[in-house]
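Below, each chain spelled out in residue letters.
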Amino acid sequence: QVQLVESGGGHVQPGGSLRLSCEASGFTLDDYAIAWFRQFPEGEREGVSCISSYDGTTYYSESVKGRFSISKDNAKNTVYLQMNTLKREDAGVYYCALTRGRFIRTCPPTTSPYDYWGQGTQVTVSS
C-alpha cells in the first residue's frame, strides 16, 4: 500500500532550523515527484518545494528560496526538507505529496496533481 509519512516537525525560535523527512513506502522514487506543502492556521495550503526523480527539476516558493532546500535519498526512499532561518510566518502543518505522469516534469506547486498525501507534521515558530 502506498504511504507517505512525514516527521521532523517541532517548535523552534525565529532563526532556528528544522529538517523534515518524508518516507515513502509501497513504491520507489524513481518515476515520481515529491512536493512539500504547508497549511496555515487560516486553511491556506501553499506549495513550498518539489523535487522530480525524472530530470532533477526542483521548485521553491519565493518565500523560502535561499532558506529551504529539498533533497532525496533514493536508497532510503526518503525526501528531506531542510529549513533554515525560520520565520514566524513559516509556521503551519507541513505535508509531503506525490505526483506522477506528466506532472513530474514540472513539479507543480498546486495541490490538484498530487495523488498521495502524508499525514502532516506540525511546525511552530515563536519566541
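Residues numbered from 1 in each chain as written. Predicted model: local features only at pLDDT ≥ 70, side-chain atom pairs only at ≥ 80, totals over all residues. Heavy atoms only, no water.

### Regarding the packing of aromatic side chains
Rule in force here: What counts as a ring pair is set by centres within 6.5 Å for rings of Phe, Tyr and Trp (its six-membered ring), and what kind of pair is set by the plane angle: stacked under 30 degrees, edge-to-face over 60, tilted for all other angles. Each helix is a run of DSSP H or I of at least 4 residues and each strand a run of E of at least 2, with the numbering of both proceeding from the N terminus. When accessible area is computed with a 1.4 Å probe and restricted to protein chains, residues below 20% of their type maximum are described as buried, those above 50% as exposed, and intermediate ones as partly exposed.
The full count for this structure, using the stated rule, is 4 aromatic pairs. Both rings, one in phenylalanine 37 and one in tyrosine 114, keep their centres 5.2 Å apart while their planes meet at 80 degrees; by these two values the pair is edge-to-face. With phenylalanine 37 in strand E4 (residues 33-39) and tyrosine 114 in the loop between strand E9 (92-99) and strand E10 (116-117), this pair connects stretches of sequence that are 77 residues apart. Neither residue differs from the other here; phenylalanine 37 and tyrosine 114 are each classed as buried. Ring centres 6.3 Å apart and planes at 70 degrees place the aromatic pair tyrosine 114 and tryptophan 117 in the edge-to-face group.

### Some remarks on the side chain of asparagine 77
We count it as follows: Between two residues, a contact is recorded if the distance between any of their heavy atoms is within 4.5 Å.
Here asparagine 77 shows up in the loop between strand E7 (68-73) and strand E8 (78-83). Classification of asparagine 77 as buried rests on a relative accessible area of 10%. Setting aside chain neighbours within four positions, we find asparagine 77 in contact with Cys22, Glu23, Ala24, Ser25, Phe27, Thr28 and Leu29.

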